[in-house]
Amino acid sequence: MGTVASIDAEDALLVDAVTAAFDRWEDTFSLYRESSELAGIAAGTLALTDASELVRSTYGTALEWSARTDGAFTPHRPDGVIDLDGIVKALAIAEAGEILDASGAPWVINVGGDILASARGADTPLTLGVVDPADRTSVLTSIGLRGRRRAMATSGSTERGDHIWLGGSAAPAEFVQVTVIADDIVTADVLATAIVAGGRAALDSLADRFDIDVLTIDRAGALLATPGLRSSLTTR
């Protein structure tokens, strides 16, 4: 998936199962592996209608999220190629969480800064750092995940460059980094991407319609946090 994954869990056998799950998602959806189904669709050697149920259902899920975000999130590149990177990583993390739940012990998955943790009580929060987009070696602030709030996803241009499509606009993204806290990793990851793509208008709309907490950083370095997130922030 073009990034680093780390797993903090007690059962090594379950970690092996998680690794196998990630490999399956990568083998199916990577556009950089000629043998993957999605690469075949992009090359025209495999029709979408002939693809596996996993590919077709994942594409359908991505289309649903595109509709729910008024097109700010999209599974299509500007040239029309189907690219499901914006949702596949989150779906893989979600499956990994289901696998690790079998242990009954606490666990944390971190894939390229997108984090999912086992459910925690209000008295045992998981404190996570948000990297400063102007200095990747320093932490800008920390956020505590409590209770059912167990997922945090960050999207932006500081680590991988401007890789998020902005609806055909040639202008740079308004936000260089967006962090979303949600109950599940798919919601967090998709909406973080959608807010980067859609800017302040998307932030206002999606924060109003979805049960999420959001932290944005604009090109001037200014932070904007939704009300539910402000009490969890500790600026360094």
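Above this text is the structure in question.
This is a predicted model, so every value here is computed, not measured.

About the cut-offs
Residues numbered from 1 in each chain as written. Predicted model: local features only at pLDDT ≥ 70, side-chain atom pairs only at ≥ 80, totals over all residues. Heavy atoms only, no water. Helix = DSSP H or I, 4+ residues; strand = E, 2+ residues; numbered from the N terminus. Buried < 20%, exposed > 50% of the residue type's maximum accessible area, 1.4 Å probe, protein only. Contact = heavy atoms within 4.5 Å. Areas by Shrake-Rupley, 256 points an atom, 1.4 Å probe, with all protein chains shown as cover. Salt bridge = Lys/Arg side-chain N within 4 Å of Asp/Glu carboxyl O.

Caption draft 1: How the structure looks around the overall build of the protein chain. A count of helices and strands for the protein chain gives six helices and ten strands. When burial is assessed residue by residue, the protein chain has 46% of its 236 residues classed as buried. By sequence separation, contacts in the protein chain at least 24 residues apart represent 58% of the contacts at least 6 residues apart. When the accessible surface of the protein chain is totalled, it reaches about 11,300 Å², and 50% of it is carbon and sulfur.

Caption draft 2: Just the environment of Ile-87, in detail. With respect to the helices, strands and loops of the structure, Ile-87 is situated in helix α4 (residues 85-100). C-alpha of Ile-87 to C-alpha of Thr-61: the two residues are 26 residues apart in sequence and 8.6 Å apart in space. Those residues in contact with Ile-87 that lie beyond four places of it in its chain are Thr-58, Thr-61, Ala-62, Trp-65, Phe-73, Val-186 and Val-190.

Caption draft 3: View of unusual backbone geometry. With a phi close to 55 degrees, Asp-70 is a non-glycine residue in the positive phi region. Among the secondary structure elements, Asp-70 is positioned in the loop between α3 (53-68) and α4.

Caption draft 4: Region of the structure containing the pattern of salt bridges. Enumeration over the complete set of coordinates arrives at six salt bridges. Between Asp-27 and Arg-33 there is a salt bridge, and its shortest N-O distance comes to 2.2 Å. Under the relative-accessibility criterion, Asp-27 is labelled partly exposed at 41%. Note that Arg-209 is salt-bridged to Asp-70, the shortest N-O span being 3.2 Å. Highlighted residues: Arg-209 in helix α5 (residues 185-209) and Asp-70 in the loop between α3 and α4, separated in sequence by 139 residues.

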